[in-house]
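# Topology and contacts: notes
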Amino acid sequence: MPSTLASTRVSIVAATWIVSVLAGGAARAEPPIRSPEDAACRNEARAKVFSAPNPQGLELEEIGRRIYFACMDRVAKAAAPAAKRGGRRHRHRRH
């Protein structure tokens, strides 16, 4: 029969391994935040993922991704400068 100390040691090692796998998986789930807009869109996706309509039966990760990218598109369009129609004006030379 194995001793109590050996079985306790195995239990501790197994628990440590399980905790490290779970913690490592959560840390790798998202890339690092790159901008304030990125952080805001991540928060928006987290807040809306459970209340968003899901007629296609998508997974929560896919719904969150779609909410995030829609938010990032909105932010990018709002930050983009408006294009000028007239183009560049040229000065006329005086003779």
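Notes on the structure in this doc start here.

Tracing the backbone through its elements, the reader meets R65 in helix α3 (residues 60-79). Measuring from C-alpha to C-alpha, the distance between R65 and R42 comes to 9.0 Å, with 23 residues separating the pair along the chain.

Mapped onto the fold, R42 is located in helix α2 (residues 36-48). Residues within four places of R42 in sequence aside, it is in contact with E30, P31, P32, I33 and Y68.

The next point concerns the environment of I67. Take I67: it is sitting in helix α3. Among the residues examined, I67 registers a relative accessible area of 14% and is labelled buried. Separated by 21 residues in the primary sequence, I67 and R46 have C-alpha atoms spaced 8.8 Å apart. Dropping the residues within four chain positions of it, I67 is found in contact with E44, A45, K48, V49 and A52.

With that out of the way, let us pick up the state of the cysteines. All chains considered together, the criterion is met by one disulfide. Covalently, C41 is tied to C71 through a disulfide, its sulfur atoms 2.1 Å apart. What sets the handedness of the C41 and C71 disulfide is the S-S torsion sign, and at about -70° it is left-handed. Of the two residues, C41 sits in helix α2 while C71 sits in helix α3, which places them 30 residues apart along the sequence. What makes C41 buried here is its relative accessible area of 0%. Exposure remark for C71: the relative accessible area of 4% places this residue in the buried category.

Overall, the coordinates contain seven salt bridges when judged by the stated rule. With a closest N to O distance of 3.3 Å, R42 and E30 form a salt bridge. Of this pair, R42 sits in helix α2 while E30 is found in the loop between α1 (4-28) and α2, placing the two residues twelve residues apart along the sequence. For E30, a relative accessible area of 40% corresponds to the partly exposed category. Residue E44 pairs with R74 through a salt bridge whose shortest N-O separation is 2.9 Å. Of this pair, E44 sits in helix α2 while R74 sits in helix α3, and the two are 30 residues apart along the sequence. Residue classification places R74 among the partly exposed positions, given a relative accessible area of 46%. It is possible to trace a salt-bridge network through shared partners that takes in E30, D38, R42 and R46.

About the thresholds
- Residues numbered from 1 in each chain as written.
- Predicted model: local features only at pLDDT ≥ 70, side-chain atom pairs only at ≥ 80, totals over all residues.
- Heavy atoms only, no water.
- Helix = DSSP H or I, 4+ residues; strand = E, 2+ residues; numbered from the N terminus.
- Contact = heavy atoms within 4.5 Å.
- Buried < 20%, exposed > 50% of the residue type's maximum accessible area, 1.4 Å probe, protein only.
- Disulfide = S-S within 2.5 Å.
- Salt bridge = Lys/Arg side-chain N within 4 Å of Asp/Glu carboxyl O.

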